[in-house]
Amino acid sequence: MFKHTGRLWLILALCAVLSLCACSGGDDDDDDGDPADGDNPGDGDDSGDGGDEQVPDDPGIHDYIIVAANPDLESAAMELKALRHDEGLSVKSTNLEQLGIKGDAEQMMVALRDYLLGEYDPSRTQYVLLIGSHALLPMCTAYLDPLNHSAQGEYTTLTDFYYSDLTSAWDSDGDGFYGEYGDDAMDFNAELLVGRIPLDDPQQVAAVAARIVDWTGSNAAYKNDVMLAAGRIQLEGDSSIIMEVIRTQTLAPAGFNVTRAYADDNLAVPEIPLESSAFIDYWNGHDLGFVMWACHGSAFAAYTGYDNERFFRVADLPDVGGSAPSVVFSSACSNAKATEYSLGHALLADKAAGFIGSTTVTHPGDLGEGSLTFIITIEEFIVDGLPLGTSFRDGINNYMDNFFLKMGYEPQLYLRNIFGFTIYGDPALTYRP
């Protein structure tokens, strides 16, 4: 259940007063074509060396499992494998070629899940790091609406939750369409804690692994500094609600220094306005441990909510941010879109130690808002020091316990939030050593 009932009612009261509406602009259908604004995606300055020498697998059941699309990507993650082994986890790495997994996307995802079922031990906390893009290591296509089997359906969602939720029967009716609400036997519980490095370049993967290792060993003072950004979804100040709850109820009481970048100042006066130059200039001038935004989004950008103005784009990378890495959360539509080199891909490749965002349209605007999944996630990950995968699982569980089917929306709307949000990065990541 929700850990802080008073906070729940504060959120509900504020949201009810504003009568917020669903995400309706700057979403997945608003393709701003951002990659054309800059260099070819993925051609940035890589600092990785292509991986470390091989780290042997530990015997027996494993706590930390790396599954890469191919041997080169597996080798690129050896520094992470060594880190988790040194932390006392039982580790293993493999790749689709070694496992003999091939075929079309459905065949590959089913075979990979079967392999993970063989590794699953309900008595342990187990992390799975997938390495490779959706094109090489497929996500599951979940058809949340059993009456709409279009790949472009409103509630059709690409998700890695298929690899987390091992006790559900994702196609129990045998029709070949996975994750149908009401038709398939789903329990929405994450047995495995899954993250993904969605990159296909071994040098990029090695650079991400090295960045995560450096982050893990650092207790630098800048990790106390965070930035919260809130755009306008439908009404003035609407996204500021969740950000103010996160700031006043979680981060500030724990001693974090919070800088706010809000599009509106009717609920709270921000330190900087939410506009591209102010947002980027501030991040360029400050090392920030954590950055989060709640706003409209597309695969390639985050929006202020006014005149289709983008305050952060793929083309702004890699030349943004201070000298140190950040963990970034996005409560915006499609910032982690799996079929594009999205903002989430670019952040993880160039800047972030970890990223959570949605592969699809979210519903961030009213009482069913996806942003509510982040409240417990932030508290447990940043304040309490739990691993990212554990914190994210608990955030999802609280969302399901307290909001699913309770606000009068179609069930698929809530589930699109749950299935769409995904970890790009290592699920065993912690905020401090």
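Since this is a predicted model, take the numbers as computed values, not measurements. (Residues numbered from 1 in each chain as written. Predicted model: local features only at pLDDT ≥ 70, side-chain atom pairs only at ≥ 80, totals over all residues. Heavy atoms only, no water.)

On to the overall build of the protein, then. When helices and strands are tallied, the protein shows 13 helices and 15 strands. The buried share among the 433 residues of the protein stands at 61%. Put simply, of all contacts in the protein between residues at least 6 apart along the chain, 77% involve residues at least 24 apart. Carbon together with sulfur atoms contributes 47% to the accessible area of the protein, which is approximately 15100 Å² in total. (Helix = DSSP H or I, 4+ residues; strand = E, 2+ residues; numbered from the N terminus. Buried < 20%, exposed > 50% of the residue type's maximum accessible area, 1.4 Å probe, protein only. Contact = heavy atoms within 4.5 Å. Areas by Shrake-Rupley, 256 points an atom, 1.4 Å probe, with all protein chains shown as cover.)

A few words now on the nonpolar core. Formed by 130 residues in total, the largest nonpolar core has its most connected members in Phe279, Trp283, Phe290, Trp293, Phe312, Phe329 and Leu347. The dominant element in this core, judged by the number of residues it contributes, is helix H7 (residues 202-216), at 7 residues. (Core = buried A, V, L, I, M, F, W, Y, C linked by side-chain atoms within 4.5 Å.)

Another aspect to go through is the side chain of Thr259. Mapped onto the elements of the fold, Thr259 is located in strand E8 (residues 257-262). Polar side-chain contacts of Thr259 include one of 2.7 Å to the side chain of Tyr282. Excluding its chain neighbours within four sequence positions, the residues that come into contact with Thr259 are Val226, Met227, Leu228, Glu271 and Tyr282. (Polar contact = N/O pair within 3.5 Å; in protein donor to acceptor, adjacent residues only side chain to side chain.)

Another aspect to go through is the environment of Asp165. Residue position: Asp165 is located in the loop between helix H6 (161-164) and strand E6 (193-197). Accessibility expressed as a relative area gives 0% for Asp165, which makes it buried. Expressed as a C-alpha distance, the spacing of Asp165 and Ala190, which sit 25 residues apart in the sequence, is 4.5 Å. In contact with Asp165, not counting residues within four places along its chain, are Arg113, Trp170, Met186, Asp187, Phe188, Asn189, Ala190 and Glu191.

Counting across every chain of the model gives 1 cavity of 30 Å³ or more. Its boundaries defined by the atoms lining it, the largest cavity holds a volume of some 160 Å³. Contributing to the lining of the largest cavity are 17 residues, with Phe161, Ser164, Val194, Phe392 and Ile396 lying nearest its centre. Elements with a minimum of two residues in the lining of the largest cavity: H6, E6, helix H12 (388-402), helix H13 (411-420) and strand E15 (421-424). A total of 4 residues in the lining of the largest cavity trace back to one element, the largest contributor, which is H12. (1 Å grid on protein atoms, 1.4 Å probe; cavity = no way out; pocket = protein on both sides within 12 Å on 5 of 7 lines; lining within 4 Å. Points joined across faces, edges and corners; volume = space filled by probe spheres on them.)

Okay, the pairing of strand E3 (residues 127-131) next. Within E3, 5 of the 5 residues are buried, which leaves the element mostly enclosed by the surrounding structure. Side chains Tyr127, Leu129 and Ile131 project from E3 onto one buried face, and the interleaved Val128 and Leu130 project onto a second face that is buried too. Across 5 bridges, the pairing between strand E1 (residues 64-68) and E3 is parallel. Residue pairing for E3: Tyr64 is matched across the bridge by Tyr127. Pairing of E3 with E6, which is carried by 5 bridges, proceeds in the parallel orientation. Bridge assignment links Tyr127 to a residue of E6, and that residue is Leu193. (Pairing = 2+ DSSP bridges.)

Our next topic: unusual backbone geometry. Omega for the bond connecting Leu317 with Pro318 falls within 30 degrees of zero, at 5 degrees, which places this linkage in the cis form. Within the secondary structure, Pro318 sits in the loop between strand E12 (310-313) and strand E13 (326-331). Residues other than glycine seldom take positive phi values, yet Asp307 does so here, at roughly 55 degrees. Taking relative accessible area as the criterion, Asp307 reaches 79% and is therefore assigned exposed.

Turning our attention to the environment of Leu112. For Leu112, the location among the structural elements is in helix H5 (residues 105-119). By relative accessible area, Leu112 is classed as buried at 1%. Along the primary structure Leu112 and Leu96 are separated by 16 residues, whereas in three dimensions their C-alpha atoms are 8.0 Å apart. Ignoring anything within four residues of it in the chain, the contact list for Leu112 reads Val67, Ile101, Leu130, Leu137 and Tyr163.

Moving on, we get to the packing of aromatic side chains. Scanning all chains against the criterion turns up 29 aromatic pairs. Ring geometry for Phe279 and Phe311: centres 5.0 Å apart, planes at 70 degrees, overall edge-to-face. Pair noted here: Phe279 is in helix H9 (residues 276-285) and Phe311 is in strand E12, with a separation of 32 residues, a long-range link. According to the relative accessible area criterion, Phe311 is buried, its value standing at 0%. Here the aromatic cluster, defined as three or more aromatic residues joined through ring pairs, consists of Phe161, Tyr162, Tyr163, Trp170, Tyr178, Tyr181, Phe188, Phe404, Tyr409, Tyr414 and Phe419. (Phe/Tyr/Trp six-rings, centres within 6.5 Å; stacked < 30°, edge-to-face > 60°.)

All right, on to the pattern of salt bridges then. Under the definition given, this model contains 11 salt bridges. The residue Asp57 makes a salt bridge to Lys81 at a minimum N-O spacing of 2.5 Å. Linking Asp57 in the loop between helix H1 (5-18) and E1 with Lys81 in helix H3 (residues 78-86), this pair joins segments that are 24 residues apart in sequence. By relative accessible area, Asp57 is classed as partly exposed at 36%. The residue Arg393 makes a salt bridge to Asp394 at a minimum N-O spacing of 3.1 Å. The buried category is assigned to Asp394, whose relative accessible area is 16%. (Salt bridge = Lys/Arg side-chain N within 4 Å of Asp/Glu carboxyl O.)

Moving on to the packing of helix H8 (residues 240-251) against helix H11 (residues 373-383). Contact geometry of H8 with H11 gives a least axis separation of 11 Å together with a crossing angle of 35 degrees. Both H8 and H11 take part in a crossing whose hand is right-handed. When H8 is examined against H11, the residues Ile242, Val245, Ile246, Thr250 and Leu251 are found in contact with a partner set consisting of Ile375, Ile378, Glu379, Ile382 and Val383. Broken down by class, the residue content of the contact of H8 with H11 amounts to 8 nonpolar, 1 polar and 1 charged. (Axes fitted to C-alpha atoms, helices over the stretch in contact; angles between N-to-C directions. Left-handed = near helix turned anticlockwise from the far one by under 90°. Nonpolar A, V, L, I, M, F, W, Y, C, P; charged D, E, K, R; others polar.)

Moving on: the confidence of the model for the protein. Confidence in the prediction for the protein averages 89 pLDDT; 87% of positions are at 70 or higher. Here H1 stands out as the element of the protein with the lowest mean pLDDT, 47, in contrast to E3, whose mean of 99 is the highest. Across residues 12-31 the pLDDT falls below 50, and counting only partners more than four positions away or on other chains, this stretch makes 53 contacts in the model. Note on residues 36-48: pLDDT is under 50 here. Beyond four places in sequence and across chains, it has 15 contacts. (pLDDT = per-residue confidence, 0-100.)

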